[in-house]
Amino acid sequence: MVKPITQYYDVIINAPFGGVGIHVESDYVVGIQLFPIQQSARETSHQFAQYTANQISQYFMQAGSILDIPYAVSGTPFQKRVWKAISDIPAGEVLTYSELAEKVGSGPRAVANACGANRLPLLIPCHRVVAKNGLGGFMQGINGGLKIKEWLLAHESK
């Protein structure tokens, strides 16, 4: 039996490109999933999950909104270094995988792999990392992921 997708998230909100599932533990976000198609919205009585949903919804209305949301990540020291560098990219700007690799003292493929391991898109905005000649990847090649990346970049460049 396949569990409904809503069982994996504390709250699901609609987004201009589809939906966003948010998973929290205590008062930290531990997972965000971007969906390329609309999901059934799921409300929550968990205050922190609702706070997170409200901030992300505000970001969708106004790209300049700061996402001030505590989160917890698990990853290798290298991944965490890449994710920190990604978090320093301002909204409306992008870096190529090569440029980011230079900042963290690594290679573009390793940076791309760290981007793919990011479980907190929007909070760690890996959509702001692009290829030299195009968008590059997003969401580990999930169908519809590049459309979400295009939407996010266009939204932030307004």
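For the structure itself, consult the block above.
A brief structural summary. (Residues numbered from 1 in each chain as written. Predicted model: local features only at pLDDT ≥ 70, side-chain atom pairs only at ≥ 80, totals over all residues. Heavy atoms only, no water.)

**Points about helix α2 (residues 77–87)**
Those residues of α2 that sit buried are Q79, V82, W83, A85 and I86. One side of α2 carries all its buried residues, which in axial view fall inside an arc of 160 degrees. Those residues of α2 that are exposed and angled more than 90 degrees off the buried face are P77 and K84. Where α2 is buried, its residues contact α3 (97–104), α4 (108–116) and β5 (129–130). (Buried < 20%, exposed > 50% of the residue type's maximum accessible area, 1.4 Å probe, protein only. Helix = DSSP H or I, 4+ residues; strand = E, 2+ residues; numbered from the N terminus. Arc of directions from axis to C-beta. Contact = heavy atoms within 4.5 Å.)

**Some points on the packing of α3 against α4**
Here α3 crosses α4 at 95 degrees, and the two axes come no closer than 8 Å. Relative to α4, the element α3 lies roughly perpendicular. Only P108, V111, A112 and C115 of α4 make contact with α3, whose side of the interface consists of Y97, S98, L100, A101 and V104. Of the residues belonging to the contact of α3 with α4, the class tally is eight nonpolar, one polar and no charged. (Axes fitted to C-alpha atoms, helices over the stretch in contact; angles between N-to-C directions. Parallel < 35°, antiparallel > 145°, perpendicular 65-115°, else oblique. Nonpolar A, V, L, I, M, F, W, Y, C, P; charged D, E, K, R; others polar.)

**Looking at the layout of surface pockets**
The computed volume of the second largest pocket comes to approximately 270 Å³. What lines the second largest pocket is a set of 17 residues, among which I66, L67, L122, L123 and R128 lie closest to the centre. For the lining of the second largest pocket, the residue count by class is ten nonpolar, four polar and three charged. (1 Å grid on protein atoms, 1.4 Å probe; cavity = no way out; pocket = protein on both sides within 12 Å on 5 of 7 lines; lining within 4 Å. Points joined across faces, edges and corners; volume = space filled by probe spheres on them.)

**Section: the sheet that holds strand β3 (residues 28–35)**
Through backbone hydrogen bonds, the strands of a sheet pair up, either in parallel or in antiparallel fashion. As summarised here, the arrangement of the three strands in space is β1-β2-β3, forming an open sheet in which the pairing is antiparallel. Every other strand in the sheet has two partners, leaving β1 (11–15) and β3 as the edge strands with one partner each. Between one strand axis and the next, the sheet turns through 20 degrees on average, direction left out of account. Pairing analysis gives five bridges linking β1 to strand β2 (residues 18–25), with the strands arranged antiparallel. Paired with A15 across the bridge in β2 is G18. (Pairing = 2+ DSSP bridges.)

**With respect to the packing of α2 against α4**
Here α2 crosses α4 at 85 degrees, and the two axes come no closer than 9 Å. One element, α2, and the other, α4, form an angle in the roughly perpendicular class. Packed against α2, whose contacting residues are F78, Q79, V82, W83 and I86, the element α4 presents A110, V111, A114 and C115 at the interface.

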